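Summary of the model geometry
Listed here are the chains, written in short residue letters.
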Amino acid sequence: MQALVDIVLPADQLEGTSAVLSKWLINVGEEVKQGDPIIELETDKVAMEICANQDGVLAEIMMHEGDDVPVEGILGRLSESAVVTQKVDLVQTVVPVQEEGVFHSDKETYKQSASKLVGPAVRRLLRQNSLELSQIQGTGRYGRVTLCDVKAHLAQMGEAVPQSVSQKRVTKSPLTRHDHDARPLVGEMKPHTSMRKSIAKHMTESLLHTSPHVTSVFEMDMTNIIEHRKWHKKEFAELGVNLTYTAYFLSACVKALQAVPEVNARFHEEGLELFKDINIGVGTALANDGLVVPVVQQVQEMNLFEIAYGLNQQTEKARTGKLQPSDMKNGTFTISNHGVSGSLLATPIIINQPQVAILGIGKLDKRVVVKEVDGVDTMVIKPMCYVSLSMDHRALDAHQTNRFLQVFVDAIQDWG
């Protein structure tokens, strides 16, 4: 009897998130080497791959595209030998067909048969919308219809305008447009990704069901770090590092978190868990694909160059889709640098519960402010931005919040 090895999602690959099977990267009967990617998963934070834990052949598929994947759940099985037995309702390596007395098992026959095999999620969506498989053009391997194909077909159906409506438009005079029924509202349904669904769930849970949020806002003069960056940006660039304002913000956070350690913590019903390590997550937008929060670990042990380098590494991985679950673990505090997209002021929601606070940095903007010059109040133009701290009022009060912001602002404004 051939030995079968379970393909599972290890518990240490996820940190309180759910996963959906995006697609199989190999077919039943195909050989793989240890470390080869075989499954693509999508979580609320990152797209990830499951790799083969040994050499072998894919013997059985247990979960299909669109299925929710539980931690330690069996996704499929690898065989140690090249002999594969597979259940009838799953994809097989060879599909024999009898035609005019001749027995065939060639690749073309397999393609034709494989194109008609779909997962349970696809079948369910077809049934719910009274669709036939033949109505949809498959884009999967060998022309197989995927879940995305069905959703795209449904979106196209939503765009169709009845002929009677088109005829009415032709006969309608602009002068009598408002004397008739309004034009039917036609929209396009864009299905939520797994990441968007999880973000929605986490934000709702955080704001409405978990922690009472309160936000405090300070104003910050960026003159000194603009000047410092001006003189050191080229020096950093020659060493392959982009010196951004966010690196200064992480450095200032260290001083503020050390001054108010209750902010560098996680809330539990039985108490507040304080941390010596300062691991700062930086919210990174992926255009229309959602938001991820890569973490820069142990920032308290870094100088400005090391912070900038670590930040460059994590944000580059985020934007190129190379983040691993380990890159987003163990965060103790989070920054939302929403000003990079033009926002002046925001009150961010604590993304990663049970953290107790999140810092928001607004857009750098030149504003007229009143400064005392030689004992006289004088209007001057300064590069200013708003900085906010949203905190869990179960864990923190106004005193700690404002103390944190004051130390943070002083660290930026007094940068030498």
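Computed from a predicted model, the values in this text were never measured in an experiment.

**So, the nonpolar core**
Of all hydrophobic cores here, the largest spans 49 residues; its most connected members are F333, L359, F404 and F408. Looking at this core element by element, the count peaks at 9 residues for helix α7 (residues 245–259). The contact partners of F408, leaving out residues within four places of it in the chain, are M220, F249, A252, C253, A256, L359, I361 and V387.

**Topic: the confidence of the model for the chain**
Scored by pLDDT, the chain comes out at a mean of 80, with 77% of its residues at no less than 70. Element-level mean pLDDT values for the chain span from 36 in strand β9 (residues 97–99) up to 97 in α7. Low pLDDT, under 50, characterises residues 83–105; the stretch is placed with 44 contacts to residues that sit more than four places away or in other chains. Here residues 159–180 scores under 50 on pLDDT; set against residues more than four positions off or in separate chains, the count is 8 contacts.

**Re the pattern of salt bridges**
The full count for this structure, using the stated rule, is 6 salt bridges. The residue K371 makes a salt bridge to D221 at a minimum N-O spacing of 3.9 Å. Highlighted residues: K371 in strand β20 (residues 365–373) and D221 in strand β11 (residues 213–221), separated in sequence by 150 residues. Judged by relative accessible area, which is 31%, K371 ranks as partly exposed. Between D392 and R394 there is a salt bridge, and its shortest N-O distance comes to 2.6 Å. Owing to a relative accessible area of 30%, R394 belongs among the partly exposed residues under this scheme. Connected through salt bridges with shared partners, the residues D6, E60 and R77 form a single ionic network.

**Describing the sheet that holds strand β6 (residues 56–61)**
Taking strand neighbours across the sheet as the criterion, the 4 strands line up as β1-β8-β6-β3 in an open arrangement whose pairing is antiparallel. In this open sheet, the two edge strands, each paired with only one partner strand, are β1 (4–8) and β3 (31–32). Sheet topology places β3 next to β6; 2 bridges connect them, and they run antiparallel. Of the residues in β6, the one forming a bridge with V32 is G56.

**Considerations on the packing of aromatic side chains**
Tallying each qualifying case throughout the model produces 5 aromatic pairs. For the pair Y248 and W415, a centre-to-centre distance of 4.9 Å together with 70° between the ring planes defines the contact as edge-to-face. Residue Y248 is located in helix α7, and its partner W415 is located in the segment after α9 (398–413); the two are separated by 167 residues in the primary sequence. Residues Y248 and W415 agree in their burial class; the two are buried.

**As for helix α6 (residues 223–238)**
Given a rise of 1.5 Å per residue, 16 residues ought to cover 22 Å, and the 24 Å separating the end C-alpha atoms of α6 matches this to within 8%. Turning to α6, its buried residues number three or more, namely I225, H228, R229 and F236. The secondary structure elements touched by the buried residues of α6 are α7, α8 (304–319) and α9. Looking one or two residues beyond α6, the residue adopting positive phi is G240, at roughly 80°.

**Observations concerning a nonpolar patch on the surface**
A cluster of nonpolar side chains, V368, V370, M379 and I381, forms an exposed patch at the surface whose accessible area comes to about 470 Å². Elements supplying a minimum of two residues to the nonpolar patch: β20 and β21 (376–392). Summarising the element assignment, I381 is placed in strand β21.

The rules behind these values
Throughout, a residue's number is its position along its own chain's written sequence, starting from 1. Side-chain atom pairs in this predicted model are given and counted only at pLDDT of 80 or more, local residue features only at pLDDT of at least 70, and totals for whole chains, interfaces and linings cover all residues. Side-chain metrics rest on all non-hydrogen atoms present in the structure, leaving aside hydrogens and water. What we call a nonpolar core is a set of buried Ala, Val, Leu, Ile, Met, Phe, Trp, Tyr and Cys residues that are connected through their side-chain atoms within 4.5 Å. Categorising residues by exposure relies on relative accessible area from a 1.4 Å probe, with only protein chains included: less than 20% of the type maximum marks a residue as buried, more than 50% marks it as exposed, and the intermediate range marks it as partly exposed. A run of H or I in DSSP becomes a helix once it reaches four residues, and a run of E becomes a strand once it reaches two; helices and strands are each numbered from the N terminus. By the convention used here, residues are in contact when the closest approach between their heavy atoms is within 4.5 Å. Known as pLDDT, the predictor's per-residue confidence is scaled from 0 to 100. Just to be clear on terms, a salt bridge is a Lys or Arg side-chain nitrogen sitting within 4 Å of an Asp or Glu carboxyl oxygen. Only strands that DSSP links by at least two bridges are regarded as paired with each other. Each pair of aromatic rings taken from Phe, Tyr and Trp, with Trp reduced to its six-membered ring, is defined by centres within 6.5 Å and is described as stacked if the planes are under 30 degrees apart, edge-to-face if over 60, and tilted in the remaining cases. By definition here, a helix of n residues has an expected span of 1.5 Å times n minus one. A patch consists of residues exposed above 30% relative accessible area that lack any salt bridge, with like charges linked at up to 9 Å and nonpolar side chains (Val, Leu, Ile, Met, Phe, Trp, Tyr) linked at up to 5 Å. All accessible areas in this document rest on Shrake-Rupley with a 1.4 Å probe, and a residue is counted as covered only by the protein chains that are shown.

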